[in-house]
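# Breakdown of the fold
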Amino acid sequence: MASDRTRTTTPHPRPGTRTKTDSVPGAGVWVLRLLPVGIVLAALNLRPAVTSLGALLEEVRDGLGMSGSVAGVLTSVPSLCFAAFGVMAPRLARRFGLSVVVCTGMVAIAAGLLIRPYAGNTVGFLAGTALALMGIAVSNILMPVLVKRWFPDRVGPMTGLYSMALALGTSLPAAVTVPVTDGLGGDWRAGLAVWAGLAAVAVLPWLVLLRVRGAERIEPAPAPAPAVPEAAGGRLRITRSRIAWALAVFFGLQSTAAYITMGWMAQIYRDAGLSAGTAGLLLAVTMVMGVPLAFVIPRVATRLPHQGPIAVVLGVCGLAGYAGLYLAPAVGAWAWAVLLGISNCAFPLALTMVGMRARTGAGVAQLSAFAQSTGYLLSIPGPLLVGVLYQHSGGWGQPLALMAVLMVPQILVGVLAGRDRTVEDEAAAR
């Protein structure tokens, strides 16, 4: 989420005006009417593949004969796919057009969610999950590009709408997957497959947009290439920036915490004696905390000279939540769900700091690509290690200790990343 000072550096076409992309009369008007619908429906589909699985992880493990270690691999797949396929999105969009890639991404999500529960074995389930996550990865990158390209004078409201839809798509599957499964006769396969229907609905507006000759040829901003040392005035040497590395590590650690929560939190509650429905509802409470806080945290962060205190508050909430899950998981279940929901809002803080730690639009793009791709790579081992510890220890003491230990460096690098300086300042100092 770019700050005001960076947002003005990149020129955008005025909405509703004729450009070289408007090759049919009225194309711009129809696009501007339909794009918000497409963006909201796409955002709703960027998390159900993960949170619906978390609610039924025990049934999936039993049905496929999956060990705790393999389940840990499964909860690490989102980070791996986001890191591997997300970087391809700008290049694909330049070649085929934004609408084509996003539409294809929605198709991949629908196909993957439909295939995985009926694949019949663990390998097939992982393959279907990877297909869905591939579609999520490219769509996740391109949604903000669409907002900035087509709504340059309404970036804030449209980003808020997008964030709300994303949070709703995260919390809703966690809350209703178990009741829906029960209503379908207790078949976990059907309970997971229903979310393919939501993705199929999201395909429809993008198919319409493809028929508007002007929507399919939108070209996004150039994809940031890997940073290489160049002379002053060229590309930033982003890999030599302490701020960039602090943001990348912060992004990676908060992603680790988020995907451990989405993948394992419901199981923690179920092992504590709570029902599957209650566990899913508690996970939904944790996820839905991101709806209001996604609006509040960026606004507060941009008004502070140093964002470190926010990182500290979020981290302390996470530590308190983990301690509660260890000491009294069932008794204080709702309190721990709220605390971990607050802690997981390090994600909008990370995006806000990316926009604030670079002065130019090109710097923001380069920093964002580095921080997110590196961060997702760093987050891959966490959920896997939690699964291994859970499998071999037979309980949640060691996994919760790991989560708490990882929260400490997250706080520290959050403080470092929150300092009032930019990557351009670092480059000039060198």
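Predicted model only: the values in this text are computed from it and were never measured.

## Let's talk about the overall build of the protein chain
- Secondary structure assignment for the protein chain yields 21 helices and zero strands.
- A total of 430 residues make up the protein chain; the buried ones form 55% of that total.
- Across the protein chain, the fraction of contacts at a sequence separation of at least 24, relative to all contacts at a separation of at least 6, is 82%.
- In the form shown here, the protein chain has an accessible surface area of approximately 17300 Å², with 67% of it arising from carbon and sulfur atoms.

## Section: the packing of helix α13 (residues 276-288) against helix α16 (residues 333-343)
- Packing of α13 against α16 brings their axes to within 7 Å, and their N-to-C directions diverge by 35 degrees. Relative to α16, α13 is oriented so that their crossing is right-handed. Residues Leu281, Leu282, Val285 and Thr286 of α13 touch α16, and the partners they reach there are Ala333, Trp334, Ala337, Val338, Leu340 and Gly341.

## Thoughts on the nonpolar core
- Formed by 121 residues in total, the largest nonpolar core has its most connected members in Met143, Leu146, Trp206, Tyr269 and Leu349.
- Considering every element that reaches this core, the biggest residue donor is helix α12 (residues 242-271), with 18 residues.

## Some points on the packing of aromatic side chains
- Under the criterion given, the structure shown has six aromatic pairs.
- Relative to Trp396, the ring of Tyr390 lies with its centre 4.2 Å away and its plane at 20 degrees, an arrangement referred to as stacked.
- Every member of this aromatic cluster is reached through a ring pair, and the members are Phe251, Phe347 and Tyr376.

## Some thoughts on the side chain of Thr170
- Turning to its location among the elements, Thr170 is positioned in helix α9 (residues 155-183).
- The buried category is assigned to Thr170, whose relative accessible area is 8%.
- Side-chain polar atoms of Thr170 contact the backbone oxygen of Leu166, separated by 2.8 Å.
- Discounting residues that sit within four places of it in the chain, Thr170 has contacts with Arg47, Thr51, Met262 and Met287.

## Some thoughts on the pattern of salt bridges
- With the rule as written, the count across this model stands at two salt bridges.
- For Arg270, the salt bridge is made with Glu58, and the minimal N-O distance between the two is 3.8 Å. Placement of Arg270 in helix α12 and of Glu58 in helix α4 (residues 57-64) is noted, with a sequence separation of 212 residues between them.
- In this structure Arg270 comes out as buried when scored by relative accessible area, which is 16%.
- Here Arg270 ties to Glu59 by a salt bridge, and the two come within 2.8 Å at their closest N and O atoms. Note that Arg270 is positioned in helix α12 and Glu59 in helix α4, a separation of 211 residues in sequence.
- On the basis of relative accessible area, Glu59 is assigned to the partly exposed category, the value being 24%.
- Each of Glu58, Glu59 and Arg270 takes part in one network of salt bridges that share partners.

## So, helix α14 (residues 290-303)
- Helix length check: α14 (14 residues) gives 20 Å between terminal C-alpha atoms against 20 Å at 1.5 Å per residue, within 8%.
- Buried within α14 are the following residues: Gly290, Val291, Leu293, Ala294, Ile297, Pro298 and Ala301. What you see down the axis of α14 is that its buried residues fit within an arc of 165 degrees, all on one side. Exposed side of α14, more than 90 degrees from the buried face: Arg299 and Arg303 are the residues found there.

## Brief notes about the environment of Ala266
- Inspection of the secondary structure assignment puts Ala266 in helix α12.
- For the pair Ala266 and Leu282, spaced 16 residues apart in sequence, the C-alpha separation works out to 7.4 Å.
- Beyond its immediate sequence surroundings of up to four residues, Ala266 is in contact with Gly54, Ala55, Ala279 and Leu283.

Quick notes on the rules
Per chain, residue numbering runs from 1 following the sequence as it is written. Per-residue local features are limited, in this predicted model, to residues with pLDDT of at least 70; the limit for side-chain atom pairs, both in listing and counting, is 80 or more; totals at the level of whole chains, interfaces and linings are taken over all residues. The basis for the side-chain values is all heavy atoms of the structure; hydrogens and waters are excluded. Numbering of helices and strands runs from the N terminus; a helix is a DSSP stretch of H or I covering at least four residues, while a strand is a stretch of E covering at least two. Between buried and exposed lies partly exposed: a residue is buried under 20% and exposed over 50% of the maximum accessible area for its type, with that area taken using a 1.4 Å probe on protein chains only. Contacts between residues were defined by any pair of non-hydrogen atoms, one from each residue, lying within 4.5 Å. For the area figures, the Shrake-Rupley method with a 1.4 Å probe applies, and any residue is considered shielded solely by the protein chains shown. Structural elements are reduced to axes, namely lines fitted to C-alpha atoms, with helices fitted over the stretch in contact, and the angle between N-to-C directions of any two is expressed from 0 to 180 degrees. Throughout, a crossing is termed right-handed when the near helix is turned clockwise from the far one, and left-handed when it is turned anticlockwise from it by less than a right angle. In plain words, nonpolar cores are sets of buried Ala, Val, Leu, Ile, Met, Phe, Trp, Tyr and Cys residues tied together by side-chain atoms within 4.5 Å. By convention, a stacked pair of Phe, Tyr or Trp rings (six-membered ring in the case of Trp) has centres within 6.5 Å and planes under 30 degrees apart, an edge-to-face pair has planes over 60 apart, and any other such pair is tilted. Here a polar contact is taken to be a pair of N or O atoms separated by no more than 3.5 Å, where protein atoms must pair a possible hydrogen donor with a possible acceptor and residues adjacent in sequence count only if both atoms sit in side chains. Salt bridges are identified by distance alone: a Lys or Arg side-chain nitrogen within 4 Å of an Asp or Glu carboxyl oxygen. Expected span, for any helix, means 1.5 Å times one less than how many residues it has. Throughout, the arc means that of the directions going from the helix axis to the C-beta atoms.

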